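One letter stands for each residue in the lines below.
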Amino acid sequence: MAGTTRDETLLIHGGIPEDPRTGAVNVPIYQTSTYRQDELGRHRGYEYSRTGNPTREALEKLIADLEGGRFGFAFASGMAALTTVLSLFSAGDEILTSANVYGGTFRVLDKVFRNFGIAYRMVDTTDADAFEAQIGPNTKAVIVESPANPLLDVTDIAEIAKRAKARGVMTIVDNTFMTPYLQKPLELGADVVVHSATKYLGGHSDVVAGLAVVDDEETAKRLAFLQNATGGVLGPFDSFLLIRGIKTLGVRLDRHCENALAVAEFLRASDAVEIVHFPGFADHPGHAIQARQARGAGAMISFSLRENVDLRLFLKSLRLVALAESLGGVESLICHPSTMTHASIPEEIRKKVGISDSLLRLSVGIEHRDDIVADLKRALDAARR
Ligand SMILES: *Cc1c(COP(=O)(O)O)cnc(C)c1O
């Protein structure tokens, strides 16, 4: 135990901070599928690595400490985490989601869980009254992303969680864009936090992983059962990589956030850019809520180009910033949501929620900010018609 609740220290010393057997300051990679049992019916806490593995357990305890919940679970991807959480529900149940959610979240609800009789509806969670009016007799959960993907709409998590709880609805927050270093949904009243740890938590674009955290013991028992029963667990090596990544989350995010503000200001001042969505701007509609519920605005920016800029040529002209799916790595990444991350959302829904074909999403990395700005500026100039 770290003897502190300060995040900068917990990131490094939370969970199981050392190997109890040897004192090694890193929990080893227990690359084993099974464990010798002492006698029939007596084992030393581990039977089979789908059910439990010491390296995965160190990661699960760490994310639980960081999110301020008692129980953490590690999965092979963010989608595996979400799929396991959604397996808490049954045919006849209905799930509400924020209007802007990750494309894969929409896809698994629309193409997988709907086939099992679990209905879903997209609602505007940025308006608590409108959200509450959508709660029906079968509504069992709401999935919130804040800031949401890709338009960075901010939802008042405490208000949604309060109203959901009063109606017996579980609040699930996808905290991928923020991480517990910036925002702690359980403290705001949410019931379940899920992560694509592939992004900021891993932080180096070298591991695909998912996490879930709850504080309620009953929900934790059901999730532990589902994790073992459905089997989408994270392997020991990837668990180790994630623990290693999380140690530097604080310093990385401090730099990510500083860089993002500088890049967002540059984009907003450019006559090649139509609109910039960034919750760090004082005039962003969700700025006040963001400032209240999170420690920073994050490092995700979305923006659309003016008519006088060729989008394809702009993307092709970038040298430092990589055109790629994903986000949250040390390197700056840019994507085109309507053909990449959000392509699985049908065009009419994309249009309705404001994901236009001219929208770009930028994950600002931790390179020198002047180099990121210079790359964007050069590419915008090259793409001007
Ligand atoms: C990437 C992402 C996911 C899916 O996670 P994977 O690790 O790619 O399976 C879910 N939610 C958000 C917000 C994401 O960015």
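Residues numbered from 1 in each chain as written. Predicted model: local features only at pLDDT ≥ 70, side-chain atom pairs only at ≥ 80, totals over all residues. Heavy atoms only, no water.

Visitor: Requested: an account of the site of the ligand, with residues and values cited.
Guide: Close to the ligand lie 14 residues; Gly78, Asp174, Ser196, Thr198 and Lys199 are nearest. Backbone polar atom of glycine 78 to an oxygen atom of the ligand: 2.8 Å apart, as the coordinates give it. One of the side-chain nitrogen or oxygen atoms of lysine 199 is found 2.7 Å away from an oxygen atom of the ligand. For the ligand, the protein covers 91% of the area, taking 380 Å² as the surface of the free molecule. Split by residue class, the shell around the ligand holds five nonpolar, six polar and three charged. (Near = heavy atom within 4 Å. Polar contact = N/O pair within 3.5 Å; in protein donor to acceptor, adjacent residues only side chain to side chain. Areas by Shrake-Rupley, 256 points an atom, 1.4 Å probe, with all protein chains shown as cover. Nonpolar A, V, L, I, M, F, W, Y, C, P; charged D, E, K, R; others polar.)

Visitor: Describe the domain arrangement of the chain, with residues and values.
Guide: Size of an interface, as often reported, equals the accessible area lost when the parts are brought together. When cut into domains, the chain gives domain 1 (7-247) and domain 2 (250-383). Relative placement of domain 1 and domain 2: their C-alpha centres are 26 Å apart. Contact with domain 1, which involves 40 residues of that partner, is made by 42 residues of domain 2. The contact between domain 1 and domain 2 buries some 3,200 Å² in all, and 60% of this surface belongs to carbon and sulfur atoms. At the junction of domain 1 and domain 2, the tally comes to three salt bridges. Note that glutamate 8 and arginine 295 form a salt bridge whose closest N and O atoms lie 2.5 Å from each other. Inspection of the region where domain 1 meets domain 2 yields 18 residue pairs in polar contact (both at pLDDT 80 or more). Looking at the side of domain 1 that touches domain 2, the elements with two or more residues in it are helix H1 (7-13), helix H4 (103-111), helix H6 (157-166), helix H7 (179-182) and helix H9 (236-247). With four residues, H4 is the largest single contributor of residues to the side of domain 1 that touches domain 2. (Domains from an automatic or database assignment. Contact = heavy atoms within 4.5 Å. Buried area = accessible area lost by both parts, 1.4 Å probe. Salt bridge = Lys/Arg side-chain N within 4 Å of Asp/Glu carboxyl O. Helix = DSSP H or I, 4+ residues; strand = E, 2+ residues; numbered from the N terminus.)

Visitor: Give me the pairing of strand E12 (residues 359-363): which residues, what numbers.
Guide: Among the five residues in E12, five count as buried, and that is most of the element. Burial of the side chains of E12 extends over both faces: Leu359, Arg361 and Ser363 are buried on one face and Leu360 and Leu362 on the other. Pairing between strand E11 (residues 333-335) and E12: three bridges, direction antiparallel. Across the sheet, leucine 333 pairs through a bridge with serine 363, a residue of E12. (Buried < 20%, exposed > 50% of the residue type's maximum accessible area, 1.4 Å probe, protein only. Pairing = 2+ DSSP bridges.)

Visitor: Would you mind going over the packing of aromatic side chains in detail, with residue names and values included?
Guide: Taken as a whole and judged by the stated rule, the model has six aromatic pairs. Between phenylalanine 237 and phenylalanine 240 the ring centres are 6.4 Å apart and the planes differ by 25 degrees, which places this aromatic pair in the stacked class. On the criterion of helical spacing, the pair formed by phenylalanine 237 and phenylalanine 240 is a turn pair, its members being three residues apart in helix H9. Relative accessible area serves as the criterion here: at 43%, phenylalanine 237 is assigned to the partly exposed category. Judged by relative accessible area, phenylalanine 240 falls into the partly exposed class, the value being 21%. The interplanar angle of 80 degrees and the centroid separation of 6.4 Å between the aromatic rings of phenylalanine 303 and phenylalanine 314 together place this pair among those described as edge-to-face. Remark: phenylalanine 314 occurs in helix H12 (residues 311-317) and phenylalanine 303 occurs in strand E9 (residues 300-305); sequence separation between them is eleven residues. Phenylalanine 314 matches phenylalanine 303 in its accessibility class, with the two residues each being buried. Over the face of the ring belonging to tyrosine 102 we find lysine 199, whose NZ or CZ atom lies 5.2 Å from the ring centre. Sitting above the plane of the tyrosine 181 ring, arginine 295 keeps its charged end 4.0 Å from the centroid. (Phe/Tyr/Trp six-rings, centres within 6.5 Å; stacked < 30°, edge-to-face > 60°. Lys NZ or Arg CZ within 6 Å of the ring centre and 35° of its normal.)

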